[in-house]
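# Analysis of the macromolecular model
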Amino acid sequence: MSHRAANNPFNLLGRSLEELREFVQSLGEPTYRADQIYHALYAERRFDVASMTNLPAALRERLARESAITLPQVRRRYESSDGAVRYVLALDAPENAGAPAGKPATVEAVFMPEENRQTICISTQAGCAVDCHFCLTATLGLIRNLTAGDIVGQVLMALHDQRATLKPQTNVVLMGQGEPLLNYDAVTAALRILLDPNGMAITPKHTTLSTSGIIPGIEKLALEKVRPKLAISLNASSNAQRDAIMPINRKYPIEKLLEACARYPLRPWEHLTFEYVLLGGFNDAPEDAARLAKLVAKLRVKVNLIPWNPGDLPYEKPNPARIEEFRRILNEKSIPAFVRYSRGQDVMAACGQLAVLESARNTSGPSLSQISGV
Ligand code: SAH
Ligand code: SF4
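For the structure given in this document, a descriptive report is provided here.

Conventions and cut-offs
Residues numbered from 1 in each chain as written. Chains lettered and ligands numbered in written order. Predicted model: local features only at pLDDT ≥ 70, side-chain atom pairs only at ≥ 80, totals over all residues. Heavy atoms only, no water. Near = heavy atom within 4 Å. Nonpolar A, V, L, I, M, F, W, Y, C, P; charged D, E, K, R; others polar. Core = buried A, V, L, I, M, F, W, Y, C linked by side-chain atoms within 4.5 Å. Buried < 20%, exposed > 50% of the residue type's maximum accessible area, 1.4 Å probe, protein only. Helix = DSSP H or I, 4+ residues; strand = E, 2+ residues; numbered from the N terminus. Domains from an automatic or database assignment. Contact = heavy atoms within 4.5 Å. Polar contact = N/O pair within 3.5 Å; in protein donor to acceptor, adjacent residues only side chain to side chain. Areas by Shrake-Rupley, 256 points an atom, 1.4 Å probe, with all protein chains shown as cover. Phe/Tyr/Trp six-rings, centres within 6.5 Å; stacked < 30°, edge-to-face > 60°. Lys NZ or Arg CZ within 6 Å of the ring centre and 35° of its normal.

## Some details on the site of ligand 2
The immediate surroundings of ligand 2 are formed by Cys128, Val130, Asp131, Cys132, Cys135, Ala138, Gly178 and Ser212. Partitioning the shell around ligand 2 into residue classes produces 5 nonpolar, 2 polar and 1 charged.

Next up, the structure:
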């Protein structure tokens, strides 16, 4: 790998320890310098080589010339009345310079403080190609895949921005824009850093990857040494219904998806999560709950019911009595089911609402009233 073309500094962010070792060797430095950089960047969250005081001054100066740490830049910060913060982030890493003209190099992340922990929801692609009809991100189409640095950078940026009030535990959910298993290599490279006890030290139990059900990706993930928990966006109780809202179901239909889930090697502490977006009058009937219960009966699962978050799309919020009835039917069949009200709805930070288009030149960003649905 050629590290340093003229004016093209080597971006340290998103690199594995092996890649950093190769880089420091190319500078004629001993490999343990890479370990020091890795620790300073991911464990100590130092984003400026000048502050990596464990390195000799001469090396710091050289790194300042020949490398970069290109974090996502906060373009806008929207604070919800419930404490959630939605970030609109510009991704300007040098390796992204080839982004298609006119397409925004922005993405979104959401920080959700809780009593003893924080949950950070991050994006894995700008936009999404999967085209679920109830999801605003789908209206963007796929803008581009994020790099491992873009993905890790969202967590680093959010932790840094919120450093004054951080709680001891951090949860990470890959549930922002994009389908993580359609950007497999960058997502798994990022996860290796996020879940590395010597890196960002987030535990696998506190990290969840959510997929629309990309079976080959699920099968690959099953073989990874380091992997997060897995959530599957089922969202329907029959193929006809799923076909109507998730075109991906024609490629990976429910029965095949459930077979892949049955083969998935769960760790002793682990269960699968099935997400089920409740669309009022569409998939929230008691018969749907009964069918869903049958579908998942043989699996070690928990069901998260997500009442649909409005956007400018032709669906309706489910009625609260139907939501409760749906949950009760699942519980009656011994299936753990929880209603997850998304946070940050007033700033369009909730599930399926991440879709702000901002051009790289527009630094002011849209006002809240310009964001559909607010
Ligand atoms: N692409 C991945 C992860 C991002 S979407 C996936 O689809 O799983 C995260 C979750 O939000 C999914 O379960 C999805 O079904 C849900 N979702 C999408 N749009 C929504 C909306 N408008 N209201 C509520 N949940 C939504
Ligand atoms: Fe993509 Fe997930 Fe939205 Fe479907 S629900 S369009 S997979 S982000």
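Now that the structure is up, let's keep going.
## Structural notes on the nonpolar core
Soluble globular proteins tend to pack their nonpolar side chains together in the buried interior. Counting 107 residues, the largest nonpolar core has Phe134 and Phe274 as its most contacted members. Sort the elements by how many residues they give to this core and helix H4 (residues 148-161) lands first, with 8 residues. Taken together, domain 1 (10-68) and domain 2 (73-368) each give at least three residues to this core, which thus spans both. Filtering out sequence-adjacent residues up to four positions away, phenylalanine 274 remains in contact with Ile232, Leu234, Leu258, Cys261, Val296, Leu299, Val301, Lys302, Val303 and Asn304. One finds Val110, Cys121, Val347 and Leu354 within the second-largest nonpolar core, a separate group that totals 10 residues.

## Quick word on the site of ligand 1
Lining the immediate surroundings of ligand 1 are 19 residues, of which Gly178, Ser210, Ser233, Asn309 and Gly352 lie closest. Within the backbone of phenylalanine 134, a nitrogen or oxygen atom sits 3.2 Å from a nitrogen atom of ligand 1. For ligand 1, a nitrogen atom lies 2.8 Å from a polar atom in the backbone of asparagine 309. Protein chains bury 95% of the 530 Å² of accessible surface belonging to ligand 1 in isolation. Contributing elements (two or more residues each) for the shell around ligand 1: strand S10 (207-211), strand S12 (272-278) and strand S13 (301-307). When grouped by side-chain class, the residues that make up the shell around ligand 1 number 8 nonpolar, 9 polar and 2 charged.

## Considering the packing of aromatic side chains
The way to describe two aromatic rings as a pair is by their centre distance and the angle between their planes. With the rule as written, the count across this model stands at 4 aromatic pairs. With a centroid separation of 4.1 Å and an interplanar angle of 15°, the aromatic rings of phenylalanine 10 and phenylalanine 23 are classed as stacked. Residue phenylalanine 10 is located in strand S1 (residues 10-11), and its partner phenylalanine 23 is located in helix H1 (residues 17-26); the two are separated by 13 residues in the primary sequence. An identical accessibility class is assigned to phenylalanine 10 and phenylalanine 23; each is buried. An angle of 65° between the planes, with centres 6.0 Å apart, marks the rings of tryptophan 308 and tyrosine 315 as edge-to-face. Taken as a pair, tryptophan 308 and tyrosine 315 share a single burial class, namely buried. One cation-aromatic arrangement involves lysine 220 over tyrosine 184; the distance from NZ or CZ to the ring centre is 4.3 Å.

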